[in-house]
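Read off the chains here:
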Amino acid sequence: MTPHTRSSKLKFRKYQEDSKKKARTRRTQKILAWHSQERSTQRTRSFGELFRIFLGRLAPYRSSMILALGTLTIATILALIPPVVTKFAVDQVFNGEPLPEAVIRLVPGSRDIPKTPVDQLLILVGIVVVVSVLSTLLGITGRWKATQTVKRLQSSMRHEAFDHASRLPLHKVQELTSGGATSLIREDAGGVADLVFAMIYNPWRAIIQLLGSLAVLAFVDWRLLVGAVALFPLIWYTHRTWIGRIRPMYRDIRLQRQEIDSHATESFGGMRVVRGFARSRSESSRYVTGNHVMLRKEIYVWWWARGVELAWSLLLPMASAALLWFGGKQVIDGTITTGDLVMFLAYLAMLFGPIETLANSATMFQTNLAGLDRVLDLVEEPREMPDVEGAREIASSQVEGRMTLENLGFNYPDSDMPALEGISFEVEPGSLVALVGRSGAGKTTCCNLVARFYDPTEGRILLDGRDIRDLTLDSYRRLLGIVEQDVFLFDGTVRSNIGYGRRGATDAQIIHAAELAAADDFIEALPDGLDTVIGERGFKLSGGQRQRLAIARAILADPRILILDEATSNLDTESEKKIQQGLTELMRGRTSFVIAHRLSTIMHADLIVVLGEGRVLETGRHEELMQSSGAYRRMVVLQSENKE
Ligand SMILES: Nc1ncnc2c1ncn2[C@@H]1O[C@H](COP(=O)(O)OP(=O)(O)OP(=O)(O)O)[C@@H](O)[C@H]1O
Ligand SMILES: [Mg+2]
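Treat the numbers as computed from the prediction; the structure is a model and nothing was measured. Residue numbering note: each chain is counted from 1, following its sequence as written. Written order decides the labels, with chains lettered from A and ligands numbered from 1. The model is predicted, so local features are restricted to residues of pLDDT at least 70 and side-chain atom pairs to those at 80 or more, both for listing and for counting; the totals for chains, interfaces and linings are taken over all residues.

Some points on the overall build of the protein
Selection criterion: Counting from the N terminus, the helices are DSSP H or I runs at least four residues long and the strands are E runs at least two residues long. Two things to know: the radius of gyration comes from C-alpha atoms, and the globule rule equals 2.2 Å times the number of residues to the power 0.38. Neighbour counting defines burial: a residue surrounded by 20 or more other C-beta atoms within 10 Å of its own C-beta is buried, one with 12 or fewer is exposed, and intermediate counts give partly exposed, using backbone-placed C-beta atoms. A residue pair is marked as a contact if its C-beta atoms, positioned from the backbone, fall within 7 Å.
Of the regular secondary structure elements, the protein holds 22 helices and 10 strands. Taken over the C-alpha trace, the protein has a radius of gyration of 36 Å; the compact-globule value for 644 residues is 26 Å, which it surpasses by more than 25%. Principal-axis analysis of the C-alpha atoms gives the protein an extent of 120 × 60 × 50 Å. Within the span of the protein, comprising 644 residues, buried residues form 32% of the whole. Intrachain contacts of the protein at a sequence separation of at least 6 include 79% that bridge at least 24 residues.

What follows is the structure, given as structure tokens:
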């Protein structure tokens, strides 16, 4: 036994015991929310609730679905005809009796043809052929319409899940790790659409077929009907008991797959660290263990699912044997004809189909229903900072650019330590404010609030005297240009990455932005210039090159408020000097927040705010701060000493 199988076995045992306990005590089930860290106290939605919600999602495709179910109904009813035709063959044609008038009238022109048994048989065969072709054509139309609905619903569900996930508050997005999000959006949101078949189309066909066969049985002898119907409560009961356990298990499996996916994605993302610390083997064994546990769960739930099927498929032959016994005696007694019995046998076989379909789709849709449950958890998570009532759009041209930070206090979600406390300062329109302070002092946090990545827990930020929470989020963010401490670039060309700053930017604008950011030289040296693909997160570029692209991107956005967080930290002094000219040019007339450790770069700032442990220690211009012997002066002295 390998270590993975041993540890996965232990984990699985524990899971098994837990799930048994859960089923025994029947307490309110606590479900895992869409991210593993936080347990939702919400109960798993009931079947009825999920079904109602699903129907709601289907509403836009109502006409397609009605068409699909309509054609399906006709096709299914037509498919019920052939056994009746067989009955006429056995009872009339083979006994040399004439066919009933009703059948002959179905075939145009058949009155004139001589009614020999062979001709009559031909009529019956003709009916079977026509009915079958019609039923198949209608059936395929219905399937097509239903499939169309599935695909449309699938793309709309994925869209909704993606859209919502991308508008969640930042800390929620970070919890929804990339692999997990992919699995949630692709598998779960996509799987919801399969419910069209599993929960509506297939059961509908099964029910029509079932009711049709039962109707014919009732027509032959009502006691046959009673016999068949007596099975239903029994079937329903076995089904319900088993289903109560299967759905939670499918849900657990999906959650585990999400975790495994996200772990795999993370390992690949951090492959340099994994290799750097020679942890490839342990990463892979962690992955394998996860997969093993999932495998065991899948086999476990497979058995439960097969149990349902087994019960059903044993129950039915037993019951049908009983019905056969009853019908056979009727034939011997002469109460019903041989044809009736043959037809009855055919319908009996036709009863199996729908019931099996119902059983299968019931177990199958549990997994997709669990997916829907998880998608609903996601889309019901509140969005990031919904606009307040009466929030105003703000256009770039209306902005003067005075920013006032009033007594800001801020705690990161899930953290008790205040990251900022009592921060107050005012930035004149178009001026440059520098935030300095030790690592962890709260500089980035302060900029996060200005960028409205988070709202302050206390105090407020005013733009030209208006609380930024009274502006619509989208319009406010359009005013911003940000270069973050961790530069993020997309896998794409240099052009597309710079161009991300402004929709529909021309090449000339992109090149100009690159020049200001002192990025033009190295871009020209790249093999394909602007068209060079830079790889995921820009791994084909050096740290400084990435920073310059990010600066160019922010420049292109033509922002009113510029935030540069350690934007030039990875550059050599010469490149920094060069870029500084571009930046000075750029910052003219824009309110700018600049964070820099190298104090020489911010000496000329209009206002320097020194932060320490989330508080403002000092504010003022360089000369003023140098005169008072505070924290700033100490930092400057320290840095100049280091240089020597
Ligand atoms: N997402 C987060 N959740 C919880 N706490 C956070 C988060 N981000 C930062 N913090 C905490 O907030 C405090 C301020 O962090 P911040 O990133 O603002 O520091 P900084 O001044 O930008 O430091 P540096 O110069 O190293 O970038 C730190 O103590 C940090 O631990
Ligand atoms: Mg920082």
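Points about the environment of valine 487
By secondary structure assignment, the location of valine 487 is in the loop between β6 (480–483) and α16 (494–499). Assessed through the 23 C-beta atoms surrounding it within 10 Å, valine 487 is described here as buried. In this structure, the C-alpha to C-alpha distance between valine 487 and arginine 257, residues 230 residues apart in sequence, is 30 Å. When residues no more than four places from it in sequence are discounted, the contact partners of valine 487 are Arg546, Gln547 and Ala550.

What about the site of ligand 1?
As a reminder of what qualifies: Using a C-beta atom placed from the backbone, a residue is scored as near a molecule or strand whenever that atom is within 6 Å of it. Throughout this entry, Asp, Glu, Lys and Arg are counted as charged residues, while Ala, Val, Leu, Ile, Met, Phe, Trp, Tyr, Cys and Pro are counted as nonpolar. The remaining residues, Gly among them, count as polar.
Taken together, Tyr412, Ser415, Ala419, Gly437, Ser439, Gly440, Ala441, Gly442, Lys443, Thr444, Thr445 and Gln485 form the complete shell of residues around ligand 1. The dominant element in the shell around ligand 1, judged by the number of residues it contributes, is helix α14 (residues 443–450), at 3 residues. For the shell around ligand 1, the per-class residue count stands at 3 nonpolar, 8 polar and 1 charged.

A word on the sheet that holds strand β3 (residues 432–437)
So the rule is basically this: Between any two strands, pairing holds if DSSP finds at least two bridges. Angular values range over 0 to 180 degrees, each being the angle between N-to-C directions of two axes fitted as lines to C-alpha atoms, with helices fitted over their stretch in contact.
Reading across the sheet, the 6 strands line up as β6-β7-β8-β3-β9-β10 and stay open at both edges, with mixed pairing between neighbours. Lying at the two open borders of the sheet, with one neighbouring strand each, are β6 and β10 (615–620). Direction aside, the axes of adjacent strands within the sheet are offset by 15 degrees on average. Bridge analysis of strand β7 (residues 561–565) against strand β8 (residues 591–595) gives 5 bridges, and the strand direction is parallel. Its bridge partner being in β8, isoleucine 563 is matched across the sheet by phenylalanine 593. Relative to β6, helix α19 (residues 543–556) is tilted by about 175 degrees, and along the sheet it contacts β6 and β7.

Brief notes about the pairing of strand β1 (residues 403–411)
By the bridge criterion, 6 bridges tie β1 to strand β2 (residues 418–427) in an arrangement that is antiparallel. Across the sheet, the residue bridging to leucine 405 is phenylalanine 425, located in β2. The hairpin turn running from β1 into β2, its antiparallel successor, is 6 residues long, and aspartate 414 in that turn takes a positive phi close to 65 degrees.

Considering the packing of helix α4 (residues 81–91) against helix α6 (residues 117–165)
Here is the rule: The labels follow the angle: roughly parallel below 35 degrees, roughly antiparallel above 145, roughly perpendicular from 65 to 115, and oblique for the rest.
Here α4 crosses α6 at 175 degrees, and the two axes come no closer than 10 Å. Accordingly, the angle class assigned to the pair α4 and α6 is roughly antiparallel. The segment α4 lies against α6, with Ile81, Pro82, Val85, Phe88 and Ala89 engaging Leu121, Leu124, Ile127, Val128 and Val131. The residue makeup of the contact of α4 with α6, split by class, is 10 nonpolar, no polar and no charged.

Examining the packing of helix α3 (residues 62–79) against α6
Short version of the rule: Should the near helix be turned counterclockwise from the far one by less than a right angle, the crossing is left-handed, whereas a clockwise turn marks it as right-handed.
The N-to-C vectors of α3 and α6 enclose an angle of 155 degrees; their axes lie 8 Å apart at closest approach. By the angle class used here, α3 and α6 are roughly antiparallel. Classified by chirality, the crossing of α6 by α3 is left-handed. Contacts between α3 and α6 involve Ser64, Met65, Leu67, Ala68, Thr71, Leu72, Ile74, Ala75, Leu78 and Ala79 from the first element and Val131, Leu134, Ser135, Leu138, Gly139, Thr141, Gly142, Lys145, Ala146, Gln148 and Thr149 from the second.

Here's the deal with the sheet that holds β1
Spatially, the 4 strands line up as an open sheet ordered β2-β1-β4-β5, and their pairing is antiparallel. Looking along the sheet, the strands with just one partner apiece sit at the ends: β2 and β5 (466–467). Bridging between β1 and strand β4 (residues 458–463) involves 5 bridges; their strand directions are antiparallel. In the strand pairing of β4, threonine 404 is matched with leucine 462.

Looking at the domain arrangement of the protein
Stated formally: Source of the domain bounds: an automatic or database domain assignment.
Taken domain by domain, the protein consists of domain 1 (3–379), domain 2 (396–479 + 559–643) and domain 3 (492–553). For domain 2 versus domain 3, the separation of C-alpha centres amounts to 26 Å. At the junction of the two partners, domain 2 supplies 10 residues and domain 3 supplies 8 residues. Classifying every residue of the side of domain 2 that touches domain 3 gives 4 nonpolar, 4 polar and 2 charged.

Examining the environment of serine 183
In this structure, serine 183 sits in helix α8 (residues 178–220). Residues serine 183 and glutamate 259, 76 residues apart in the sequence, show an inter-C-alpha distance of 9.0 Å. Once residues within four sequence positions are removed from consideration, serine 183 is found in contact with Arg257, Gln258 and Asp261.

A closer look at the nonpolar core
For clarity, the cut-off: Take the buried Ala, Val, Leu, Ile, Met, Phe, Trp, Tyr and Cys residues, join any whose C-beta atoms are within 7 Å, and the set you get is a nonpolar core.
Counting 70 residues, the largest nonpolar core has Ala434, Leu435, Ala513, Ala517, Ile551, Ala552 and Ile555 as the members making the most contacts within it. Each of domain 2 (396–479 + 559–643) and domain 3 (492–553) contributes no fewer than three residues to this core. Apart from the residues within four sequence positions on either side, alanine 434 is in contact with Val594, Ala596, Ile602, Ala605 and Ile608. Phe54, Ala305, Phe365 and Leu372 belong to the second-largest nonpolar core, a separate cluster that totals 41 residues.

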